[in-house]
Amino acid sequence: QVQLVETGGGVVQPGGSLRLSCAASDSRYAMAWFRQAPGKEREGVICISFNGGTTTYLDSVKGRFFISRDNAKKSVYLQMESLNVEDTAVYYCAKGRTIDCDHTYDSWGQGTQVTVSS
């Protein structure tokens, strides 16, 4: 079982930025970020393949959220810009079943809370 640990959540004002990190015990796969807002289902946000190709699942974050990875550090990052209150959610790191972003994930972190509020 791959262990995933997210860090970097917090409270930020609308328009602000935040960077989340995910440390994995094994990252030789595609990695993704999901989020779940209160009262809503978990939704896929963005994915990065093992080789660095990115796929944005959520139209509302295009041009604002950016995913990157450092395979040597077994880490994945989510840079979030121009945050708005609708981005408030618990953000989860997920490990893919393969090296590509093919919508299949089998390990999840515990989540980190991101709150956008003035």
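Position numbers for residues start from 1 in each chain and track the written sequence from start to end. Local features are withheld for residues below a pLDDT of 70 in this predicted model, meaning they are given only at 70 or higher, and side-chain atom pairs are given and counted only at 80 or more; totals for whole chains, interfaces and linings count all residues. Excluding hydrogens and water, the side-chain values take into account all heavy atoms of the structure.

1. Some points on the environment of Thr104
Note the cut-off: Helix and strand definitions here come from DSSP, where helices need a minimum of 4 consecutive H or I residues and strands a minimum of 2 consecutive E residues; each element is numbered from the N-terminal end. Burial status follows relative accessibility: with a 1.4 Å probe on protein chains alone, a residue under 20% of its type maximum counts as buried, one over 50% as exposed, and anything between as partly exposed. In this description, contact between two residues means that some pair of their heavy atoms is separated by no more than 4.5 Å.
Tracing the sequence through the fold places Thr104 in the loop between β9 (89-96) and β10 (105-108). Classification of Thr104 as partly exposed rests on a relative accessible area of 28%. For Thr104 and Ala30, which are 74 residues apart along the polypeptide, the C-alpha to C-alpha distance reads 9.3 Å. Those residues in contact with Thr104 that lie beyond four places of it in its chain are Lys95, Gly96 and Arg97.

2. Quick notes on the state of the cysteines
Selection rule: Cysteine sulfur atoms that pair up within 2.5 Å are treated as a disulfide.
Throughout the structure, instances matching the rule amount to two disulfides. Two residues share a disulfide in this structure: Cys22 and Cys93, whose sulfurs sit 2.1 Å from each other. On the sign convention where negative means left-handed, the S-S torsion of about -80° between Cys22 and Cys93 marks this disulfide as left-handed. One end of the pair, Cys22, is in strand β3 (residues 18-24); the other, Cys93, is in strand β9, with 71 residues separating them in the sequence. In this structure, Cys22 and Cys93 share a single accessibility class: buried. Each sulfur in the disulfide pair Cys47 and Cys101 lies 2.0 Å from the other. Negative torsions about the S-S bond denote left-handed disulfides, and the value of about -90° found for Cys47 with Cys101 makes this one left-handed. Remark: Cys101 occurs in the loop between β9 and β10 and Cys47 occurs in strand β5 (residues 43-48); sequence separation between them is 54 residues.

3. Section: the packing of aromatic side chains
Applied cut-off: Here the aromatic set is Phe, Tyr and Trp, taking the six-membered ring for Trp, and pairing holds for ring centres within 6.5 Å; pairs whose planes are under 30 degrees apart are stacked, those over 60 apart are edge-to-face, and all others are tilted.
In this structure the tally under the stated criterion is three aromatic pairs. Both rings, one in Phe34 and one in Tyr105, keep their centres 5.2 Å apart while their planes meet at 80°; by these two values the pair is edge-to-face. With a gap of 71 residues between them, Phe34 in strand β4 (residues 31-36) and Tyr105 in strand β10 connect regions that are remote in the sequence. Tyr105 sits in the buried class, given a relative accessible area of 13%. With centroids separated by 4.7 Å and ring planes inclined at 75°, the aromatic side chains of Phe34 and Trp108 adopt a geometry described as edge-to-face.

4. With respect to the pairing of strand β7 (residues 65-70)
Convention followed: At least two DSSP bridges between two strands are needed for those strands to be called paired.
Here β7 shows a clear split, with Phe65, Ile67 and Arg69 buried on one side and none of Phe66, Ser68 and Asp70 buried on the other. As judged from the six bridges shared by β7 and strand β8 (residues 75-80), these two strands associate in the antiparallel manner. Bridge pairing links Phe66 to Gln79 in β8. Count of turn residues in the β7/β8 antiparallel hairpin: four residues, of which Lys74 carries a positive phi of about 55°.

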